[in-house]
Amino acid sequence: MSTTSTTGTAAVVRAPEARTTSGSARAYLLYVAGRLGGAAISLLAVLVTSFFLFRIIPGDPVKAMTHGMPTSAEQLASLRRQFGLDQPMWQQFTDYCGKALTGDLGTSYQFHAPVGELIAQKLPATLLLTGVAVVIYSAIGLWLGTRSAWRHGSLGDKVNTGMALTLWSVPSFWLGLLLIITFSVGVGPIPGLFPTGGMESGDKTGFAYIGDVAHHMVLPVITLVAVGYAQTLLVMRSSLLDEMGSDYLTTARAKGLRDDAVRRRHAVPNALLPTVTMVFINLGHVAAGSILVETVFSWPGLGGLFYQALSVPDLPLVQGLFVVFAGAMILMNLLADLLYPLLDPRVGR
Amino acid sequence: MTITPVPKTARTTRSARSLAWARRRGSVARFWRSYRTHRAGLFGLGALALIALIALAAPLLVGGDVQSVTNAPGTALESPSAEFPLGTDQFGRSLLGLLVWGARISLTVGLLAAALSVAIGTLVGITAGHYGGWFSTVIMRITDWFLVMPTLVLAIVLATVMSRSVWTVILAIGVTSWPTTARLVRAQTIAVESRPYIERAKALGGGHSHIMTRHVLPNVMPLVLAQTTLGISTAILTEATLAFLGLGDPTIVSWGGMLQDAREAGAVSSGHWWYLAPPGIAIALVALAFTLCGRAIEAVLNPKLGVAR
C-alpha cells in the first residue's frame, strides 16, 4: 500500500553489502517476502471480517432461504444441518476459514450451486469489461494529464480539469441510464444504435461473435471511462507539475532538446511512477466499482451477480463476492508494491 | 520603516483571549483573501449556498405534502407541463417537488457521514501520531487494512446487514471512509510534534490530552477541513448509489431513490429522459460544488499543489 513506509523498513533491512548486485537482489527478496506476508495477513483479516459481518445479520438465514414459504420444522432443521448453521459459532468459523483457503466458499441459497463455481463463471465477463475500461481510461488520463500539466494555467488545462472533475462527480449508474436512453432506446432523431444490455445477442459465432460482444461493450466501457479517467488525469497532472521546476529539465533544455523531447524523455518517465501505482489500485477498485455499471447494463459479470445476491439477500454469495472483491484489491496492491522498486531504484533496495 | 510604539503598548494591555481572537480573525481574513482568487472555488461556494437555501426553504417552496403517495395531484408519468415543470412520477407526484425535497436528505447524509468519517480519522490519526511506538504500529496496521477494503462493497454490505434507515446509510459511509484522513492526520501530527514549541509545552507540564487538543488539533484543523469538504462529495455519491441499489430508507425521498423509482417505472425503455435527467444533474452539481470548494481550500493551504485557478 504505502510506498513511503516501505522505504523505511527496506532501509533497515539493507545489509552492508547491499551495494553489490547479489546484496541488492537479496534485499529485494526480503522486501518481496515482507510484502507477501503483509498481503497474507490482510487476506486473513478479510476472511475474519466477512465471517463475522454476516453473523451479526438480524433474522434467520434459513427463513431467507425459503423465501417465506411455509416449511415444516423438520425441513428447517435439515436445511440448518445442510448449511452447517446448527454448529457452534467457533466451529462454523474454523470450518469456514479452512474451506475458504481451499477455494470452497459455500453454497448459494439462491442458485443452489457452489459460490466458487458461480464466481468462476462470471469472472471472465468482468475481467473483459473492466480490463478494457481501465486500459482506455489510464491511457486517456495519462495523455490528458500530461498535456494539462505541461501547459498548466492555459485554457486547455482549465477545460480539461473542469471536464474531468465534472464527469467524476456524475453517478456512474445515472450516466449509464442516460446513455441507454440516448443511444439504445433512441431520443428524437437518434436511432437505437447500441443494444440496451447483456453481452451478446446469442446467434453469432467466430468473428461475428467478437464483433457482437464489442458492440455490446461500447456503452458500458464509455460509462466506466467517463467516470474513471479523472483520477488518473489529476494524479498525472500533479506529479508532472512536481517535476516541472526540476533542474534536470533546465539542463535538458539547455542541451538544446526540443520541448517535445524534454517532455517525453525526461519529465514524463519520472512523473509516471505515482501514476503506475494508481493504475494498479484502480484495477483492484474497478472490479467492485463495476457493480453499478454491470447492473445497469445487465452485464453478466461479478457486479451483476453481487446485485442479484443483495436483493435476496443470498448471504454465502454476498460473502464470497466480498472476499473476491477485497482479494482483488489486496492482489493489485501487492503487484503495485512489487513492481514499484523495479521501476524506481530508490524504493525497496 | 517608522517605529510606532502606540499600538504596541495598546496590544500589551489586551488580554490573552482577545489577542487569540484577533489572531484568529486575521488568519480567517487572510484565508478568505486567498480563497477569493480561486474562481472555481467561488463557483462551488455559490452553488452550495443556493442549494442549501433551497433545501432549507423546501417546505415554503413546494409544500410539505409532495412526498405523499396517496393524494398526489397529477396522474402517473405525465410529461413536463406548466403545472408540473418536470412531469410526474408513477404515483402522480410532482418531480420538481421531489427534487427539492431530495436536496435535504442528500445534504444531511453527505454532511453527517463526512463529519463522522473525518472525526474517526482525526481521532485515530492524532492518537497514533502522538503516542507512536507499538500502539501506533497496531493502529496503522488496522488503518492500512481498512484502506485495502473496497469501500463501496463494505458500505453496501453494512447497509444490507443493518436495518433500512438514514442512520444506517450515514454509519455505513462514515465507518468505511475514514482511513485516508487518518493517514494524512497522522503524518501532519508527527510533523507538528517535532517542532520546538511542543517541547516547550511539555516542559511547562502539558499532559498528553493538553498537547493533543490544544497544540496538535488546531494545527491539523485546516487539513481536516479540506478533507471534510472533499469527503462530503464522495459521501453524497455513495448515498445516491446505496439508494439506487434500494438500500436507503424507502419512506424518504432522495435523489438516488428517485433514480431507482425511475428505473422501476420503465423510464429507460420508454425514453422518459425528463424523469431520469434532473436527479442525476442535481447529484453531480452538489458533488462537483463540494469538490471545487475542497480543491480551492487545499490550494489555499498548500500553494505548491498547483491547482488551476
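Attention here is on the structure that accompanies the text.

Parameters and conventions
Residues numbered from 1 in each chain as written. Chains lettered and ligands numbered in written order. Predicted model: local features only at pLDDT ≥ 70, side-chain atom pairs only at ≥ 80, totals over all residues. Heavy atoms only, no water. Axes fitted to C-alpha atoms, helices over the stretch in contact; angles between N-to-C directions. Helix = DSSP H or I, 4+ residues; strand = E, 2+ residues; numbered from the N terminus. Left-handed = near helix turned anticlockwise from the far one by under 90°. Contact = heavy atoms within 4.5 Å. Nonpolar A, V, L, I, M, F, W, Y, C, P; charged D, E, K, R; others polar. Buried area = accessible area lost by both parts, 1.4 Å probe. Salt bridge = Lys/Arg side-chain N within 4 Å of Asp/Glu carboxyl O. Polar contact = N/O pair within 3.5 Å; in protein donor to acceptor, adjacent residues only side chain to side chain.

## Let's talk about the packing of helix H11 (residues 208–244) of chain B against helix H12 (residues 255–264) of chain B
Residues and elements named next belong to chain B. Relative to each other, H11 and H12 sit at 35 degrees, their axes nearing to 7 Å. Note on packing geometry: the crossing formed by H11 with H12 is right-handed. Seen from H11, the contacting residues are Ala240, Ala243 and Phe244; seen from H12, they are Gly256, Gly257, Leu259, Gln260 and Arg263. Class assignment for the residues of the contact of H11 with H12 results in four nonpolar, three polar and one charged.

## Side note on the interface of chain B and chain A
Taken together, the contacts link 45 residues of chain B with 47 residues of chain A. Where chain B abuts chain A, roughly 4000 Å² becomes buried across the two surfaces, and 78% of that area is made up of carbon and sulfur atoms. Three residues, Trp145(B), Val148(B) and Val161(B), lead the burial of chain B against chain A; their summed loss comes to 15% of the area buried on that side. Scanning the region where chain B abuts chain A turns up zero salt bridges. Joining chain B to chain A, the criterion identifies three residue pairs in polar contact (both at pLDDT 80 or more). With twelve residues, helix H13 (residues 273–301) of chain B is the single largest residue contributor to the side of chain B that touches chain A. When its residues are assigned to classes, the side of chain B that touches chain A shows 32 nonpolar, nine polar and four charged.

## Let's talk about the pattern of salt bridges
Oppositely charged side chains are able to pair whenever their charged atoms sit close together. All names here are of chain A. Counting across every chain of the model gives six salt bridges over all chains. A salt bridge links arginine 263 to aspartate 260; the nearest nitrogen and oxygen atoms lie 3.0 Å apart. Of this pair, arginine 263 and aspartate 260 both sit in helix H11 (residues 259–296), three residues apart, roughly one helical turn. Connected via shared salt-bridge partners are Asp260, Arg263 and Arg264.

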